[in-house]
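Coordinate inspection notes
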Protein chains: 2
Amino acid sequence: MSQTQFSVGQKHQRARRIGPEDVRAFADLADDHNPVHLDPAFAAKTRFGRPVAHGMLTGSLFSGILGMEFPGPGTVYLSQTLRFLAPVFVGDEVTVSVELVELLPKGRARFLTQARCGERLVLEGEAEVLLPRLT
Amino acid sequence: MSQTQFSVGQKHQRARRIGPEDVRAFADLADDHNPVHLDPAFAAKTRFGRPVAHGMLTGSLFSGILGMEFPGPGTVYLSQTLRFLAPVFVGDEVTVSVELVELLPKGRARFLTQARCGERLVLEGEAEVLLPRLT
């Protein structure tokens, strides 16, 4: 068993538009039909002014990039922290990135996980995973 | 503005079955089509033995209970930590709970967030939120 293909500083990112159909699907999955996500008239009266995506929907994109791209298939998710810094509006394109910041004992690693809309940092946290075995 | 309806020790919970249709929908949303979640034949050869739900899908249920039930509409999600302790198998019923553990300055509060399958604790973490204004 070897993890020599992984090293500190490696970074992957990808972009995804979060559309109203995504927000509706997530609302059903999370049982979260808060009108701030779904009802433009309601959202207009809130601090946000227009519908915002669920923070955990943006956070879920980290699951995808970690599990499918980097470190990729075989990764086991151990933990994730999420700080919701700014709203993601419905229709926004979000760029999520994961950067390997520390190799840990027993095949684990720590990643900085960030989401941006343009230059604006909207979500930041850290993930710890069990790396896939590169045998 | 008053938050006197909220006090430390208050706890809410709810249960939800996570079916294969939920896992497929989440896989599309998170761009995470890892076969450990979707392909029984593949999952049978992994440490899990059968398909497991995405950890972030279970974590997303915290968004729903916080935003819709307790503290309920008007809640603003500030942060969430998640430790994935044990697998949730596709078809399992998950009970998620949120307990107010600390009232913080400026209308914020900290919650213990847990998910269980039967007696088994599968996911644990903490959420910090801005409480809804109870005016």
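Anyway, here's the lowdown on the structure attached to this text. (Residues numbered from 1 in each chain as written. Chains lettered and ligands numbered in written order. Predicted model: local features only at pLDDT ≥ 70, side-chain atom pairs only at ≥ 80, totals over all residues. Heavy atoms only, no water.)

1. Quick notes on the sheet that holds strand 1 (residues 11-17) of chain B
Keep this limit in mind: When DSSP finds at least two bridges between two strands, those strands are taken to pair. Each helix corresponds to a stretch of at least 4 residues labelled H or I by DSSP, and each strand to a stretch of at least 2 residues labelled E; elements are numbered beginning at the N terminus. Every angle, taken between N-to-C directions, lies between 0 and 180 degrees, and every axis is a line fitted to C-alpha atoms, over only the stretch in contact when it is a helix.
In space, the 10 strands of this open sheet follow the order 1(A)-3(A)-4(A)-5(A)-2(A)-2(B)-5(B)-4(B)-3(B)-1(B), with antiparallel pairing throughout. Looking at strand neighbours, the two that pair on one side only are strand 1 (11-17) of chain A together with strand 1 of chain B, the edges of this open sheet. Adjacent strand axes in the sheet meet at a mean angle of 20 degrees when their direction is disregarded. Where strand 3 (residues 93-104) of chain A meets strand 4 (residues 108-117) of chain A, 9 bridges bridge the pair, whose relative direction is antiparallel. For A:Glu99, the partnering residue across the bridge sits in strand 4 of chain A and is A:Leu112.

2. Details of the interface of chain A and chain B
Heads up, the condition is: In this analysis, two residues are considered to be in contact whenever any of their non-hydrogen atoms come within 4.5 Å of each other. By buried area we mean the combined loss of accessible area, with a 1.4 Å probe, across both parts when two parts are placed together. Only one rule defines a salt bridge in this text: a Lys or Arg side-chain nitrogen within 4 Å of an Asp or Glu carboxyl oxygen. Here a polar contact is taken to be a pair of N or O atoms separated by no more than 3.5 Å, where protein atoms must pair a possible hydrogen donor with a possible acceptor and residues adjacent in sequence count only if both atoms sit in side chains. Three categories are distinguished: nonpolar for Ala, Val, Leu, Ile, Met, Phe, Trp, Tyr, Cys and Pro, charged for Asp, Glu, Lys and Arg, and polar for the others, with Gly belonging to the last.
On the chain B side, the residues contacting the 35 residues of chain A number 35 residues. Together, the buried faces of chain A and chain B total about 3,000 Å²; carbon and sulfur atoms form 58% of this surface. Of all residues in chain A, A:Leu29, A:Met56 and A:Phe84 bury the most surface against chain B, accounting for 22% of the area lost on that side. Viewed at the interface, chain B and chain A are joined by 2 salt bridges. Where chain A packs against chain B, one counts 14 residue pairs in polar contact (both at pLDDT 80 or more). Of all the secondary structure elements, the ones that give two or more residues to the side of chain A that touches chain B are strand 1, helix 1 (20-29), helix 4 (55-68) and strand 2 (76-84) of chain A. Across the side of chain A that touches chain B, the residue classes break down as 15 nonpolar, 12 polar and 8 charged.

3. Regarding the packing of aromatic side chains
Residues and elements named next belong to chain A. We count it as follows: Aromatic contacts are taken between Phe, Tyr and Trp rings whose centres are within 6.5 Å, Trp giving its six-membered ring; a plane angle under 30 degrees counts as stacked, one over 60 as edge-to-face, and the others as tilted. Each residue gets one of three labels from its accessible area relative to the maximum for its type: buried under 20%, exposed over 50%, partly exposed in between, using a 1.4 Å probe on protein chains only. Geometrically, a lysine NZ or arginine CZ counts as sitting over a ring once it is within 6 Å of the ring centre and also within 35 degrees of the ring normal.
Enumeration according to the criterion identifies 6 aromatic pairs over all chains in this entry. Centre to centre, the rings of Phe70 and Phe111 are 5.6 Å apart; their planes meet at 80 degrees, and the pair counts as edge-to-face. Placement of Phe70 in the loop between helix 4 and strand 2 and of Phe111 in strand 4 is noted, with a sequence separation of 41 residues between them. For the residue pair Phe70 and Phe111, the accessibility class agrees, reading buried in each case. Ring pairing ties together the aromatic residues Phe6, Phe70 and Phe111, which thus form one cluster. The ring of Phe89 is capped by Arg50, whose NZ or CZ atom sits 3.8 Å from the centre of that ring.

4. Brief notes about the side chain of A:Asp22
Checked against the element boundaries, A:Asp22 lands in helix 1. Residue class for A:Asp22 comes out buried when judged on its relative accessible area of 11%. Non-local contacts of A:Asp22, meaning those with residues more than four positions away in its chain, are made with A:Arg16, A:Arg17, A:Leu57 and B:Leu29.

5. Quick notes on the relation of the copies chain A and chain B
Note the cut-off: Only residues with pLDDT of at least 70 in both copies contribute their C-alpha atoms to the least-squares superposition of the copies.
Here chain A sits on chain B after a turn of 180 degrees about the axis and a move of 0.0 Å along it, with an RMSD of 0.0 Å. Here the transformation between the copies is reduced to the relation of a two-fold axis. Looking at the rotation axis and the C-alpha trace of chain A, the residue lying nearest is A:Thr81, at 2.1 Å. When the interface residues of chain A are mapped onto chain B, 100% of them again fall at the interface, so both copies present the same face.

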